[in-house]
Amino acid sequence: MDRAGTSMANAAQQESRPRNRLRTVLWVVLVGAALWIWLGQLGRVRLAPPETAPPAGEPRLTDLGGRALELSSFRGKVVLLNLWAGWCGPCRAEIPRLNRLEADLGPAGLVVIGVNAENLQPAELESLAERLGITFTVARPEGPLTGALRPSGSLPQTWWIDRAGRMRGTRVGLIPERALRRVAETLLREDEAAETGF
């Protein structure tokens with residue numbers, strides 16, 4: 001290639017560099033904006049208004065001692081029901097968050113119940129819960145969860161039940177700790193205000 005041809009090729013490359021940079025910057029901005037929107041949705045839990053929230057129902061659950069665990073026995077408390085499995089990475093990541101949440105907000109009326117989805121025998125489930133450091137109540141379903149507590153098919157799944165036993169919200173997947181706390185505090189405050197008439 002002669003000098004004129006080389007000069008023209010260099011000039012063309014130099015002209016396309018700013019366009020390529022601009023294209024790269026635009027892609028980075030678009031991907032960043034999409035990621036920002038998506039991450040903002042991760043912590044969202046939408047609560048149904050109390051007047052339209054369906055009853056949570058009464059799933060057949062047993063605790064680690066084999067005793068029936070009835071949701072109706074927790075009326076007057078806010079219940080976070082969490083469907084989990086030992087093989088589920090996000091479930092395992094959520095356990096310390098749920099432990100802290102119940103330790104912090106239990107005195108205000110929050111109860112956390114972890115329902116294991118693995119169909120384990122009670123001794124196996126107790127051993128697994130101990131290995132994972134679970135401090136909240138662990139239960140097993142004695143049949144399929146139905147109605148408002150029907151699982152979506154993904155784990156973990158969390159349901160929020162207010163003090164009156166109404167299903168106020170559900171969320172599939174790992175929930176950021178600040179979102180767990182925000183929903184629990186909202187329901188505790190709301191239900192406390194309703195009870196006192198304020």
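Since this is a predicted model, take the numbers as computed values, not measurements. (Residues numbered from 1 in each chain as written. Predicted model: local features only at pLDDT ≥ 70, side-chain atom pairs only at ≥ 80, totals over all residues. Heavy atoms only, no water.)

Okay, helix α2 (residues 89–105) next. Given 3.6 residues per helical turn, the α-helix brings residues three or four places apart onto the same face. The end-to-end C-alpha separation of α2 is 25 Å, in line with the 24 Å expected for 17 residues at 1.5 Å each. Ile-95 marks where α2 bends most, by close to 30°; the proline Pro-96 follows one to four residues later. (Helix = DSSP H or I, 4+ residues; strand = E, 2+ residues; numbered from the N terminus. Expected span 1.5 Å × (residues − 1). Bend = angle between axes of the 7 residues up to and from the residue.)

All right, on to the pattern of salt bridges then. Taken as a whole and judged by the stated rule, the model has seven salt bridges. Across the pair Asp-104 and Arg-181 runs a salt bridge, and its minimum N-O distance is 2.8 Å. On the criterion of sequence distance, the pair formed by Asp-104 in helix α2 and Arg-181 in helix α4 (residues 177–196) is long-range, its members being 77 residues apart. With a relative accessible area of 46%, Asp-104 lands in the partly exposed category. For the salt bridge of Asp-162 with Arg-166, the shortest nitrogen-to-oxygen distance reads 2.7 Å. On the basis of relative accessibility, which here comes to 25%, the residue Arg-166 falls in the partly exposed class. The network of salt bridges with shared partners includes Asp-162, Arg-166, Arg-168 and Glu-190. (Salt bridge = Lys/Arg side-chain N within 4 Å of Asp/Glu carboxyl O. Buried < 20%, exposed > 50% of the residue type's maximum accessible area, 1.4 Å probe, protein only.)

The strand order across the open sheet formed by seven strands is β2-β1-β5-β4-β3-β6-β7, and the pairing between neighbours is mixed. At either margin of the open sheet sits one strand with a lone partner, and together these are β2 (68–69) and β7 (167–172). In the sheet, strand β4 (residues 110–116) pairs with strand β5 (residues 137–141) via three bridges, with the strands oriented parallel. Bridge assignment links Gly-114 to a residue of β5, and that residue is Val-138. Across the face of the sheet, α2 comes into contact with β3 (78–84), β4, β5 and β6 (157–161) while running at roughly 155° to β4. (Pairing = 2+ DSSP bridges. Contact = heavy atoms within 4.5 Å. Axes fitted to C-alpha atoms, helices over the stretch in contact; angles between N-to-C directions.)

Before going further, it helps to examine helix α3 (residues 122–132). Three or more residues of α3 are buried, namely Leu-125, Leu-128, Ala-129 and Leu-132. The buried residues of α3 all sit within an arc of 100° when viewed along its axis, so they share a single face. Away from its buried face, by an angle of more than 90 degrees, α3 presents the exposed residues Ala-123, Glu-130 and Arg-131. In this fold, the buried residues of α3 make contact with β3, α2, β4 and β5. Directly beyond the C-terminal end of α3, a positive phi value near 75° is found at Gly-133. (Arc of directions from axis to C-beta.)

For the rest of this paragraph, the subject is the state of the cysteines. Evaluated as defined, the whole model comprises one disulfide. Each sulfur of the disulfide joining Cys-88 and Cys-91 lies 2.4 Å from the other. Every disulfide takes its handedness from the sign of the S-S torsion; for Cys-88 and Cys-91 that torsion is 75°, giving right-handed. Judged by its relative accessible area of 4%, Cys-88 is buried. The class of Cys-91 is buried, set by a relative accessible area of 2%. (Disulfide = S-S within 2.5 Å.)

Our next topic: empty space enclosed by the protein. With the rule as written, the count across this model stands at one cavity of 30 Å³ or more. Looking at the largest cavity, its volume works out to about 60 Å³. If you trace the largest cavity, you find it lined by Ala-56, Gly-57, Leu-71, Phe-74, Arg-75, Lys-77, Val-79, Ile-161, Asp-162 and Gly-165. Counted by class, the lining of the largest cavity contains five nonpolar, two polar and three charged residues. (1 Å grid on protein atoms, 1.4 Å probe; cavity = no way out; pocket = protein on both sides within 12 Å on 5 of 7 lines; lining within 4 Å. Points joined across faces, edges and corners; volume = space filled by probe spheres on them. Nonpolar A, V, L, I, M, F, W, Y, C, P; charged D, E, K, R; others polar.)

Moving on, we get to the confidence of the model for the protein. Do not read the fine detail of predicted coordinates wherever pLDDT is low. Residue-level pLDDT values for the protein average 84, and 75% of them are 70 or greater. Taken as a whole, residues 32–42 scores under 50 in pLDDT and shows three contacts with residues more than four places along the chain or in a different chain. (pLDDT = per-residue confidence, 0-100.)

Within a regular strand, side chains alternate between the sheet's two faces. Across three bridges, the pairing between strand β1 (residues 61–63) and β5 is antiparallel. Its bridge partner being in β5, Thr-62 is matched across the sheet by Arg-140.

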